[in-house]
2 protein chains.
Amino acid sequence: MTPEPTDFVETQYATFCAPPNELVLKSGARLGPITLAYETYGNLNEDKSNAIMVYHTLTSDAHAAGWHKDAKKPGWWDPMIGPGKAFDTDKYFVICSNVIGSCMGSTGPASINPKTNKRYGLSFPVVTIEDMVLTQKLLLDHLGIPRLLCAAGGSMGGLQALEWAVTYPQAVRSVICIAANTRHSAQQIALHEVSRQAIMSDPDWQGGDYYGKSVPARGLAVSRMIGHITYMSEKSMEEKFGRKLISKEKLGYDFTHDFEVENYLKYRSDSFVQRFDANSYLYLSKALDYFDLAEDGKLVDAFAPATASFLIVSFTSDWLYPSYQSKQIVKALKANDIDVSDIEINSSYGHDAFLVEVEGQSNLITHFLNRIRKAAHVGAG
Amino acid sequence: MTPEPTDFVETQYATFCAPPNELVLKSGARLGPITLAYETYGNLNEDKSNAIMVYHTLTSDAHAAGWHKDAKKPGWWDPMIGPGKAFDTDKYFVICSNVIGSCMGSTGPASINPKTNKRYGLSFPVVTIEDMVLTQKLLLDHLGIPRLLCAAGGSMGGLQALEWAVTYPQAVRSVICIAANTRHSAQQIALHEVSRQAIMSDPDWQGGDYYGKSVPARGLAVSRMIGHITYMSEKSMEEKFGRKLISKEKLGYDFTHDFEVENYLKYRSDSFVQRFDANSYLYLSKALDYFDLAEDGKLVDAFAPATASFLIVSFTSDWLYPSYQSKQIVKALKANDIDVSDIEINSSYGHDAFLVEVEGQSNLITHFLNRIRKAAHVGAG
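Computed from a prediction, not measured in an experiment: that's the story for all the values here.

So, how was this worked out
- Residues numbered from 1 in each chain as written.
- Chains lettered and ligands numbered in written order.
- Predicted model: local features only at pLDDT ≥ 70, side-chain atom pairs only at ≥ 80, totals over all residues.
- Helix = DSSP H or I, 4+ residues; strand = E, 2+ residues; numbered from the N terminus.
- Rg over C-alpha atoms; globule rule 2.2 N^0.38 Å.
- Buried ≥ 20, exposed ≤ 12 C-beta atoms within 10 Å, placed from the backbone.
- Least-squares fit on C-alpha atoms with pLDDT ≥ 70 in both.
- Contact = placed C-beta atoms within 7 Å.
- Nonpolar A, V, L, I, M, F, W, Y, C, P; charged D, E, K, R; others polar.
- pLDDT = per-residue confidence, 0-100.
- Domains from an automatic or database assignment.
- Core = buried A, V, L, I, M, F, W, Y, C linked by C-beta atoms within 7 Å.
- Pairing = 2+ DSSP bridges.
- Axes fitted to C-alpha atoms, helices over the stretch in contact; angles between N-to-C directions.

### Brief notes about the overall build of chain A
Okay, step 1: Scanning chain A for helices and strands turns up 11 helices and 14 strands.
Okay, step 2: Relative to the globule expectation of 21 Å for 381 residues, the C-alpha radius of gyration of chain A, 21 Å, shows essentially globular dimensions.
Okay, step 3: Seen through its C-alpha atoms, chain A measures out along the principal axes to roughly 65 × 50 × 50 Å.
Okay, step 4: Here chain A, with 381 residues, has 56% of them falling under the buried criterion.

In structure tokens:
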């Protein structure tokens, strides 16, 4: 599986908005310089018309496909991006950018504030989905690409794709939005708020000023456990774990772990704590909760500027971003006479289906992109 | 609303199993003496045939109905228990008993271990739903009542009612089981496990030995927030809170609370921390997770000893104890040719519907109990 050394991908970095030209964020705060980590796959064609930007989920990164040197696994959307795959790198130039606020190579709360030479911590300004997309447009300009063939993403990435479509309608021909919505419901906000409280309740959090000291590992682990429950469906948890015991023949009658599902949550949350910054979780979850494409107006009006063709995908068992929210997007797009294809994929994997249901999504995306590419007479890179 | 002083109810206490006659728990551990807090409403008739035992939820108590002196609200099931109500105290003698492991007046981890004169803490043995029911049978014997007209409860109380029906078939004529199941699914275990981890991750928890020191308030609060999300449905949260902001015209762009739903979670969890013991939450959630009426066998076989008539109630929007689990109970009962009535009540209130949907349940329970009472020729107390 591991590729030849020459085929390894490397993360790249671009920096913008150095003072005094800081970015003015949606909150009114100024931020700069801003570094974005990004990766690209495939080749840009001559007229720069074959670029696709894929947007990642809350805790993911710019490494969407291929292998890093010495890595144990490929990028997070590798089954979908590569030669002959849905995002076919023989045809398309695929860009994946990390987001501001993250800890995966881009400017975020763990970054050094050049004005103080200290980590930002909670002095980092609250960023929004709009701010993320604004910086990703700066990246596209930096790469000299006037217009995306497609803006595509799932979960938080889906929100970014939708935001791009209404903010930069002239800079995108098509949008693929998977397992996402246009604004968080009370339940989604509540689930994030509990996660934030778990982090901020950890004494090691220390108001966000924990860098170089103990990280709030316990709070972040609890937060991640909540996340994993919401990513799976009741059915997929039941099929995977049921009431299976770990190794004991009998229940332990104590407060160590009895059930495999308990072990799973611990294993997943422990590994998450190793790789992710607690403050970034606070910032990115807040960005998701704040996002409201319609901004208290009507969704149909919010989509009025959009000119792209849309593919809207949801999953039957996804209770974190339920299908009815995707159907609201479809309805608002249709009311604007916008070209929209939509499908609710039958899956028991819950929100995780976005990364698990490869075959169904591959077929959909391949045909959708073929149609867009042919209509726009786009040549391969 | 507040009653005349003569009408106030008072919690009573009964103690059993003093050494050397300790109770042998399901785990094999011995526990004694055991005190149970309980209340009664109405009058026992001459032939002691009109007694109904109601079982409470995880965090509730023996105070099911009426008013305590100086109380600001009545018992937790007051809309259902009283003269002319579903559990009509003009006809029935209603008993509500707290459970072992709780902190609401019964022997639990916060109790003094008479052998050490110190609080049990985590030296308290892990108790099960079976153990709870066993002690409640001792209470019934103590009251001199040979047979219940009905065993009734919702959520954890529903599990106890079912357990009673198969363990003491000769001591119960009918069972009302609301929003419950016969064993926890992987998702239910996972939700409890995150709650337990939130508590045990709080440094103030100190391995359960926090009595007289700081209680693990932060962990218990996070745990309760998770609980409240699972008690409501997505729809009821949306209808009650949506994206309503607290008091600000705008988003705060900081990590204080912006949304009303965030405030609600904080308010509810803060008040919970004032009244409930964190260790009891660990013990009772574990008892729920351990419960498996079929004990890895077939549910139909597990119900074979039962002779009571059953009323099984569930709610359409309850995702914590989903209706399909109630339907499994009904199916297993019918396979045993047992008299069973079942209804799935249309409600948007989620698991909370058990306490909210008074009218629908009142009608159901009134008619069910009338039928049972008439068939058994039971006179009023």
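### Comments concerning the relation of the copies chain A and chain B
Okay, step 1: Relative to chain B, chain A is turned by 180° and slid 0.0 Å along the rotation axis, the superposed coordinates differing by an RMSD of 0.0 Å. The relationship between the two copies is best expressed as a two-fold rotation axis.
Okay, step 2: Interface residue correspondence from chain A to chain B reaches 100%, placing this contact among same-surface, isologous pairings.

### Regarding the interface of chain A and chain B
Interface size, as often reported, equals the accessible area lost upon joining of the parts.
Okay, step 1: Contact residues are listed per partner, giving 40 residues for chain A and 40 residues for chain B.
Okay, step 2: Of all elements in the fold, only α3 (186–200), α4 (217–231), α5 (234–240), α6 (260–275) and α7 (278–290) of chain A reach the threshold of two or more residues within the side of chain A that touches chain B.
Okay, step 3: Broken down by element, the residue count for the side of chain A that touches chain B peaks at 11 residues, all from α3 of chain A.
Okay, step 4: Across the side of chain A that touches chain B, the residue classes break down as 23 nonpolar, 7 polar and 10 charged.

### Here's the deal with the confidence of the model for chain A
Okay, step 1: When pLDDT is averaged along chain A, the result is 96; 98% of the residues meet or exceed 70.
Okay, step 2: The complex model carries a pTM of 0.96, and its ipTM stands at 0.95.

### Some thoughts on the environment of His 184 of chain B
All names here are of chain B.
Okay, step 1: Checked against the element boundaries, His 184 lands in the loop between β12 (174–178) and α3 (186–200).
Okay, step 2: Along the backbone, His 184 and Ile 34 are 150 residues apart, and their C-alpha atoms lie at a distance of 27 Å.
Okay, step 3: Setting aside anything within four residues of it in sequence, one finds His 184 in contact with Ile 189, Leu 288, Asp 289 and Phe 291.

### Focus: the domain arrangement of chain A
Residues and elements named next belong to chain A.
Okay, step 1: Here the domain parsing of chain A yields domain 1 (5–183 + 293–375) and domain 2 (189–285).
Okay, step 2: Once you take the C-alpha centre of each, domain 1 and domain 2 turn out to be 26 Å apart.
Okay, step 3: Contact residues are listed per partner, giving 22 residues for domain 1 and 18 residues for domain 2.
Okay, step 4: Here the side of domain 1 that touches domain 2 is composed, by residue class, of 11 nonpolar, 9 polar and 2 charged.

### With respect to the nonpolar core
Soluble globular proteins: nonpolar side chains tend toward being buried together.
Okay, step 1: Counting residues in each nonpolar core, the largest one holds 241 residues, and the members touching the most others are Ile 52 and Val 175 of chain A together with Ile 52 and Val 175 of chain B.
Okay, step 2: Ignoring sequence-local partners within four residues, the contact set of Val 175 of chain B consists of Cys 150, Ala 151, Ala 161, Leu 162, Ala 165, Ala 308 and Phe 310 of chain B.

### Brief notes about the sheet that holds strand β13 (residues 309–315) of chain A
Residues and elements named next belong to chain A.
Okay, step 1: The 8 strands lie next to each other as β1-β4-β8-β5-β11-β12-β13-β14, forming an open sheet whose pairing is mixed. Looking at the sheet topology across the chains shown, the edges are occupied by β1 (12–16) and β14 (340–345). Ignoring strand direction, the axes of neighbouring strands in this sheet form an average angle of 20°.
Okay, step 2: As judged from the 5 bridges shared by strand β12 (residues 174–178) and β13, these two strands associate in the parallel manner. Residue pairing for β13: Cys 177 is matched across the bridge by Ile 312.
Okay, step 3: In the packing of helix α2 (residues 156–167) onto the sheet, contacts are made with β5 (51–55), β11 (150–154) and β12, and the angle to β11 comes to roughly 150°.
Okay, step 4: Across the face of the sheet, helix α11 (residues 358–375) comes into contact with β11, β12, β13 and β14 while running at roughly 175° to β13.

### Describing the sheet that holds β12 of chain B
Residues and elements named next belong to chain B.
Okay, step 1: Across the sheet, which stays open at both edges, the 8 strands sit in the order β1-β4-β8-β5-β11-β12-β13-β14 with mixed pairing between neighbours. Of all strands in the sheet, those bounded by a partner on one side alone are β1 (12–16) and β14 (340–345). When strand polarity is set aside, the average angle formed by the axes of neighbouring strands in this sheet is 20°.
Okay, step 2: In terms of strand pairing, strand β5 (residues 51–55) meets strand β8 (residues 93–97) through 5 bridges, oriented parallel. Of the residues in β8, the one forming a bridge with Met 53 is Ile 95.
Okay, step 3: Against the sheet, helix α11 (residues 358–375) engages β11 (150–154), β12, β13 (309–315) and β14, with an angle of about 175° to β13.

### Let's talk about unusual backbone geometry
Okay, step 1: Look at the link from Pro 19 of chain A to Pro 20 of chain A: it is a cis peptide, with omega at 10°.
Okay, step 2: Mapped onto the elements of the fold, Pro 20 of chain A is located in the loop between β1 and β2 (23–24).
Okay, step 3: Here Tyr 253 of chain A, not a glycine, exhibits a phi torsion of approximately 50°, which is positive.
Okay, step 4: Within the secondary structure, Tyr 253 of chain A sits in the loop between α5 and α6.
Okay, step 5: Although it is not a glycine, Asn 117 of chain B adopts a positive phi angle of roughly 60°.
Okay, step 6: The topology assignment puts Asn 117 of chain B in the loop between β9 (112–113) and β10 (118–119).

### Describing the environment of Gly 154 of chain A
All names here are of chain A.
Okay, step 1: Within the secondary structure layout, Gly 154 lies in strand β11.
Okay, step 2: You can call Gly 154 buried: it has 28 C-beta atoms within 10 Å.
Okay, step 3: Separated by 199 residues in the primary sequence, Gly 154 and Ala 353 place their C-alpha atoms 10 Å from one another.
Okay, step 4: Look past the residues within four positions of Gly 154 in its chain and what remains in contact with it is Thr 57, Ile 178, Ala 179, Ala 180 and Phe 354.

### Here we look at the pairing of β8 of chain B
Residue and element names in this part refer to chain B.
Okay, step 1: Most of β8 sits inside the fold, with 5 of its 5 residues counted as buried.
Okay, step 2: Side chains of β8 alternate between two faces, with Phe 93, Ile 95 and Ser 97 and Val 94 and Cys 96 buried alike.
Okay, step 3: Both strand β4 (residues 34–41) and β8 contribute to a ladder of 4 bridges, which runs antiparallel. Residue pairing for β8: Thr 40 is matched across the bridge by Ile 95.

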